[in-house]
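Fold and geometry: a report
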Amino acid sequence: MQPAANLNHAAVQVEDDRTGLTPETLKRAFLDNLFYIQGKFPRLATQHDYYMALAYTVRDRLLQRWISTAAAYTEQGSRTVAYLSAEFLMGPQLGHNLVNLGIYDIVQQAVADLGLNLDELMEQEAEPGLGNGGLGRLAACYLDSMATLEVPSLGYGIRYEFGIFRQDIRNGQQVEVTDKWLRLGNPWELPRPEWAVDVKLGGHTEAYTDRSGRYRVRWIPYQVIKGVPYDMPIAGYRTNTCNTLRLWSAQAPEAFDFEIFNSGDYLGAVQDKLSSENLSKVLYPNDNISQGKRLRLAQQIFFVSCSLQDMLRILARQGLALSQFSQKFVIQLNDTHPAVTVAELMRLLMDEHGLSWDAAWDITQRSIAYTNHTLMPEALEKWPVDMFGQLLPRHLEIIYEINHRFLEQVRARFPDDSDRLRRLSLIDESGERYVRMAHLACVGSFSINGVAALHTELLKQDVLKDFYELYPEKFNSKTNGVTPRRFMVLSNPRQTEMLNRTIGDTWVSRLDELKRLEAKAEDPSFQHDWHMIKQANKGDLANYMAKQNGLVINPESLFDVQVKRIHEYKRQHLNVLHIITLYHRLKASPNLEVPPRTFIFGGKAAPGYHVAKLMIRLVNGVAEVINHDPAMRDRLKVVFLRNFNVRLAQRIYPAADLSEQISMAGKEASGTGNMKFALNGAVTIGTLDGANVEIRDEVGAENFFLFGLTAPEVYALKAQGYNPWDYYQGDPELKQALDSILVGTFSRGDGEVFKPLIDSLLNWDPYLLLADYQDYVACQERVGQAFCDRTHWTRMSILNVARMGLFSSDRSIQDYCRDVWRTPAVPIELTDHAQLGE
Ligand code: OAK
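For clarity, every value in this text was computed on a predicted model and none was experimentally measured.

**A short note on the pattern of salt bridges**
Per the stated rule, a full pass over the model turns up 62 salt bridges. Among the ionic pairs, K27 bridges to D113, the shortest N-O distance being 2.9 Å. Here the residue K27 occupies a position in helix α1 (residues 23-36), and D113 occupies one in helix α4 (residues 104-113), the gap between them amounting to 86 residues. For K27, a relative accessible area of 14% corresponds to the buried category. Its relative accessible area of 29% is what places D113 among the partly exposed residues. Between D419 and R422 there is a salt bridge, with the nearest N and O atoms lying 2.7 Å from each other. Highlighted residues: D419 and R422, both in helix α15 (residues 418-424), separated by 3 residues, approximately one helical turn. Salt bridges linked by common partners bring D417, R420, R423, K465, D466 and E469 together as one network.

Below is the structure:
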């Protein structure tokens, strides 16, 4: 590749090259990093080298804040949120850090001066896809908001060597490719080997009496694994705060290797090292499904134990007593993946630090809060007691003791209610015995929350009903939010510029201020500009689809988008039934007046989830037929965008007209894609599920396309005996749609391919697609009509943005701080790092 000419002449100098923000300093620093970190000069440098040089230049500018923040927290012993999550779906870091540091434009200019293109450099970054979907992305948004709100926080998780797989599509089907995101190095992390800790696994326990005659337990593990922390900086938006995401990587401990080396079993030692490192090798690619694998449980105890030991180290370092643990830290459990925290904290406090049961329990219960993220029964984690005991013998003993004391309390409150005892027990004894992780989390926490109003109500009435009756005071609702920095400022610069021009730029950290747009909703010239921005964004996505899918897409068509994990409960196949219906209608009546539509799908299916994979195949099968039918040209197009990830999400949301949020009511805990779409001016078609309910309340029923059964109606229909066959027989269009799939219209004549999918719909239909079909199709007709009235549609789009302020993750975090964490903000003053040693 030809080097950019102007790079050859730049001189390398050292001055304030690590902190300075003038274009000249940035350019010098960039070249310095290219030479001294990448070890390249422009003629040899690849685009990736330039990306790395720029990333280090930006990281240097974060470090001053990072060090000042750490120093302030240490000095002040600040109360800190420890956010424990098996997933952090961070997405690319370069652009986001540029936005939060407020240096996007200046850096863009600096690299342009050097003959480079910032967009192209950002494309070089391998995104850290350390999550599956909603839960992992929420954790990432929350880190951004905690830093922005100056809330001391540490994210704790796993540094998976392979994140979520890359999705390829071959012959219309999903193919998984491993995600080697660390292959070319990760400039956004600092290893901290000096803070490595050991984690024990397996083996057995022994009771003994200590010198003061107390009963104690010692755990003799079978295996010890070393956890090495890697720190990522988390910069707040235009604050000096830079918090930390600390991810643990598994290694074999040297001391352990030595013993085996000495015994001469070299290959055995290497084998052990490999098996230790397996622990942080790969993210389990399931969303809302628990597989119950031993390695997954090992991952959970691994990162939980590392994180708790790290907190205890920090506590000691700050000269605080164990009894002050819950003043220093509040631990938020992101679903039950880290729920073993309850037993591990007890073990550390008792077995390693000599505390009594009562003292340890008091600290544990005061320190832990639990967020539930799902109503799906198959996602509720439970571990076979045998497996649990083999891997964590000491934890199982502790859990038995917690359970014993807990059930005593229940017995005292509800005498003679053995059913209730059975339902509440931490151990499921209805067949094979299991440890119920949600129960452990509920008993060990002072706070239990759902992630949207409806979700929390359903937890109270159904999934966690017995716990609600026991501990009503623990329950609270925290509606999810998303960060406007990534999902508006970074991803939608055109809309951002227009908002800034109209209402100033303070909305970015006070999203309520979007309200001021309402005054503009009727203004024809504002509407015109708004429409042009959406068109430009759609043009960009059309170009991307042309490149990726080889399709010519009309940017004037209605972009009807459903991007999210592929799951039956999310009902992508209901969307497909509507497309097929529209296709049949257009074939039968070519003069039918409907606006041209482009149906856009994206999302990954869990590799072992066959029906979800069939759903992808169905979308692609329908796409193949419709996109090749000359009669459909300029009328319908269907696109499946491969490998939906954070980077692709950022391209899609700004270009959407219609956001599909069509899960069966009572199944989607919240949804957060729904928020990202609406904040980018898409109008929602959706059921009364998850946060859709609150979104509709905010944007107004007239600016939201509602259809479908409500959660109570869903329960009633199921209770009365739902028969999908009745709907199939009773609706000719539905019958025609399903029949056409069954006879192979969308599988090149092969009637077998989609049989399992259709059989399941006709005989069982657990997510009531057939019951909601008619209302959905009717609602889509109203969407089509509304889209034809551009003024009306644009007004809806503007009002959606104007009224979405509630769904900033800043608001969610403020709610957690006020009701759960009680963590005051700690503003950071930048310190000269040379002085910090004193
Ligand atoms: C994944 C694995 C186990 C349990 C839950 C999940 C998960 O991703 N849940 C999702 O969490 C999001 C954030 O709270 C919600 O918006 C989604 O509705 C929910 O499915």
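**Details of the sheet that holds strand β17 (residues 434-436)**
Strands sit in the order β15-β17-β16 across an open sheet of 3 strands; the sheet is antiparallel. The sheet is open, and its two borders are formed by β15 (382-384) and β16 (427-428), each paired with just one other strand. Bridge count between β16 and β17: 2 bridges; the pairing is antiparallel. Looking across to β17, one finds that I427 is bridged to V435. Packing of helix α16 (residues 437-444) onto the sheet brings it into contact with β15 and β17, and relative to β17 it is tilted by some 40°.

**Some thoughts on the packing of helix α21 (residues 524-549) against helix α32 (residues 790-802)**
When two helices pack together, you describe them by how their axes are tilted relative to each other and by the distance separating the axes. Across the interface, α21 lies against α32 with an axial gap of 10 Å and an inter-helix angle of 80°. Looking at the two axes, α21 sits roughly perpendicular to α32. For the pair α21 and α32, contact is made by F526, Q527, W530 and H531 and by R790, T791, T794, R795, S797, I798 and V801, respectively. A breakdown of the residues in the contact of α21 with α32 according to their chemical character gives 4 nonpolar, 5 polar and 2 charged.

**Section: the domain arrangement of the protein**
Its domain assignment divides the protein into domain 1 (1-76 + 102-126), domain 2 (77-91 + 127-478) and domain 3 (564-804). Domain 2 puts 34 residues into the contact, and the matching count from domain 3 is 35 residues. Between domain 2 and domain 3, roughly 2,700 Å² of surface is buried when both sides are summed, and carbon and sulfur atoms account for 57% of that area. There are 2 salt bridges connecting domain 2 and domain 3. A salt bridge links D168 to R642, with the shortest nitrogen-to-oxygen separation between them at 3.2 Å. At the junction of domain 2 with domain 3, the criterion picks out 14 residue pairs in polar contact (both at pLDDT 80 or more).

**Description of the site of the ligand**
If you check the shell around the ligand, you find 17 residues, and the closest are H373, N480, E668, S670 and G671. In the model, an oxygen atom of the ligand is placed 3.3 Å from a nitrogen or oxygen of the A669 main chain. At 3.0 Å from an oxygen atom of the ligand is found a main-chain nitrogen or oxygen belonging to S670. Contact with the protein chains hides 96% of the accessible area of the ligand, taken as 450 Å² for the molecule alone. Two domains each provide a minimum of three residues to the shell around the ligand, namely domain 2 (77-91 + 127-478) and domain 3 (564-804).

**Concerning the nonpolar core**
Within the largest apolar cluster, 198 residues are counted, with the highest numbers of intra-cluster contacts made by I331 and F388. For this core, the leading source of residues is helix α9 (residues 294-317), giving 12 residues. Among residues more than four places away in sequence, those in contact with F388 are L297, V340, W383, P393, H395, L396, I399, V435 and M437. In terms of nonpolar packing, the next biggest core, distinct from the first, is built from 71 residues, I566, Y583, F599 and I626 among them.

**Considerations on the environment of E432**
Along the polypeptide, E432 turns up in the loop between β16 and β17. In this structure, the C-alpha to C-alpha distance between E432 and D386, residues 46 residues apart in sequence, is 9.5 Å. In terms of polar contacts, E432 uses its side chain to reach the side chain of Y434, at 3.2 Å.

**A word on the state of the cysteines**
Taken as a whole and judged by the stated rule, the model has 0 disulfides. For C141, which is in no disulfide, the shortest distance to another cysteine sulfur is to C817 and amounts to 16 Å. Owing to a relative accessible area of 13%, C817 belongs among the buried residues under this scheme.

**What to know about helix α11 (residues 341-352)**
Among the 12 residues in α11, 11 count as buried, and that is most of the element. Residues of α11 that are buried: T341, V342, A343, E344, L345, M346, R347, L348, L349, M350 and D351. After α11 finishes, the residue G354 shows a positive phi value of roughly 75°.

Definitions and limits used
- Residues numbered from 1 in each chain as written.
- Predicted model: local features only at pLDDT ≥ 70, side-chain atom pairs only at ≥ 80, totals over all residues.
- Heavy atoms only, no water.
- Salt bridge = Lys/Arg side-chain N within 4 Å of Asp/Glu carboxyl O.
- Helix = DSSP H or I, 4+ residues; strand = E, 2+ residues; numbered from the N terminus.
- Buried < 20%, exposed > 50% of the residue type's maximum accessible area, 1.4 Å probe, protein only.
- Pairing = 2+ DSSP bridges.
- Contact = heavy atoms within 4.5 Å.
- Axes fitted to C-alpha atoms, helices over the stretch in contact; angles between N-to-C directions.
- Parallel < 35°, antiparallel > 145°, perpendicular 65-115°, else oblique.
- Nonpolar A, V, L, I, M, F, W, Y, C, P; charged D, E, K, R; others polar.
- Domains from an automatic or database assignment.
- Buried area = accessible area lost by both parts, 1.4 Å probe.
- Polar contact = N/O pair within 3.5 Å; in protein donor to acceptor, adjacent residues only side chain to side chain.
- Near = heavy atom within 4 Å.
- Areas by Shrake-Rupley, 256 points an atom, 1.4 Å probe, with all protein chains shown as cover.
- Core = buried A, V, L, I, M, F, W, Y, C linked by side-chain atoms within 4.5 Å.
- Disulfide = S-S within 2.5 Å.

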